[in-house]
Amino acid sequence: MSNAWVMGFAVAVVLVIIIAVVIVIIKQIRGKNKAQFDERQLLARNKAFKYSFIVTLIYAVVCMFTNIFELKWAPAFIQFGLLPIIGATIFAVICIFNDAYISMNYKKNIYVYAIGVTAMGVIYLLNYTLHISKAESNLFTSGTLSDDSLFLFSALMFVVIGISLIIKKTIDRKASENE
Amino acid sequence: MKNLKLKSARAAMDLSQQQLAELVGVSRQTINAIEKGDYNPTIKLCTAICKALNKTLDDLFWEN
């Protein structure tokens, strides 16, 4: 993997984080569009955060031991990149199935959000297949995960979140019909 | 334990879970969880539900 690729990826990640933080701060200051969660949803989010934190901690410890014992299963870049992906996926899925992922004031846009997230996953998947076909490599190279596998895991994260949203919405719709 | 008192009080006022949820400012799933006994609401939410249904705390949340 070239240095330019790594630098480009790092700059993109930092830019996205900065833009997201600025948007969140502006929204908080204005008080408009502020996420509204009720008390049960806040509890569910706290629980989801706790579980995702524990899992990412376990993952970090496992990675540490695999590095100590020199069991090379993925480059350090991939190992580090998987940490937020695993944490975010677990947090999102637990929140979604406890109806605490999307705030009450954004509930009406749930299908738009689900389709958007799934589409993002599909874009990542296309990017992954493009990289694989160009590089003529596979998911694994020399017994370890290839550099491009991060695209695949990112795609999986978005697709899992999108599908979970659609499943939960379907369950909710059936529940309110049966009420 | 299921909160059948809440469910019957809501039904008596001809309100759906969604309508009651909007009245007290929570999600429909929260009302559903309270009725099913999966969630123990805070006193603040209990009083908000009681006000919305014109009932007392004893009427809806006191177990004999």
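The shown structure was predicted, so the numbers you read here are calculated from the model rather than taken from an experiment. (Residues numbered from 1 in each chain as written. Chains lettered and ligands numbered in written order. Predicted model: local features only at pLDDT ≥ 70, side-chain atom pairs only at ≥ 80, totals over all residues. Heavy atoms only, no water.)

Undergrad: I would appreciate a short explanation of the pattern of salt bridges in the present structure.
TA: Close approach of charged atoms lets side chains of opposite charge pair. All told, the structure shown has four salt bridges over all chains when counted by the stated rule. For Lys168 of chain A, the salt bridge is made with Asp172 of chain A, and the minimal N-O distance between the two is 3.3 Å. Of the two residues, Lys168 of chain A and Asp172 of chain A both sit in helix α5 (residues 149–178), four residues apart, roughly one turn of that helix. Side by side, Lys168 of chain A and Asp172 of chain A carry an identical accessibility label, which is buried. When the shortest N-O distance is used, the salt bridge between Lys36 of chain B and Asp38 of chain B registers 3.9 Å. (Salt bridge = Lys/Arg side-chain N within 4 Å of Asp/Glu carboxyl O. Helix = DSSP H or I, 4+ residues; strand = E, 2+ residues; numbered from the N terminus. Buried < 20%, exposed > 50% of the residue type's maximum accessible area, 1.4 Å probe, protein only.)

Undergrad: Even after reading the chapter, I still don't get the interface of chain A and chain B, so can you show me in this structure?
TA: Accessible area lost when the parts come together is the quantity often used to give the size of an interface. Facing the twelve residues of chain A at the interface are 14 residues of chain B. Summing both sides of the interface, chain A and chain B together bury roughly 950 Å²; the carbon and sulfur share of this comes to 49%. Ranking the residues of chain A by area buried against chain B places Glu39, Arg40 and Glu179 of chain A at the top, with a combined share of 56%. Joining chain A to chain B, the criterion identifies zero salt bridges. The interface formed by chain A and chain B includes eight residue pairs in polar contact (both at pLDDT 80 or more). (Contact = heavy atoms within 4.5 Å. Buried area = accessible area lost by both parts, 1.4 Å probe. Polar contact = N/O pair within 3.5 Å; in protein donor to acceptor, adjacent residues only side chain to side chain.)

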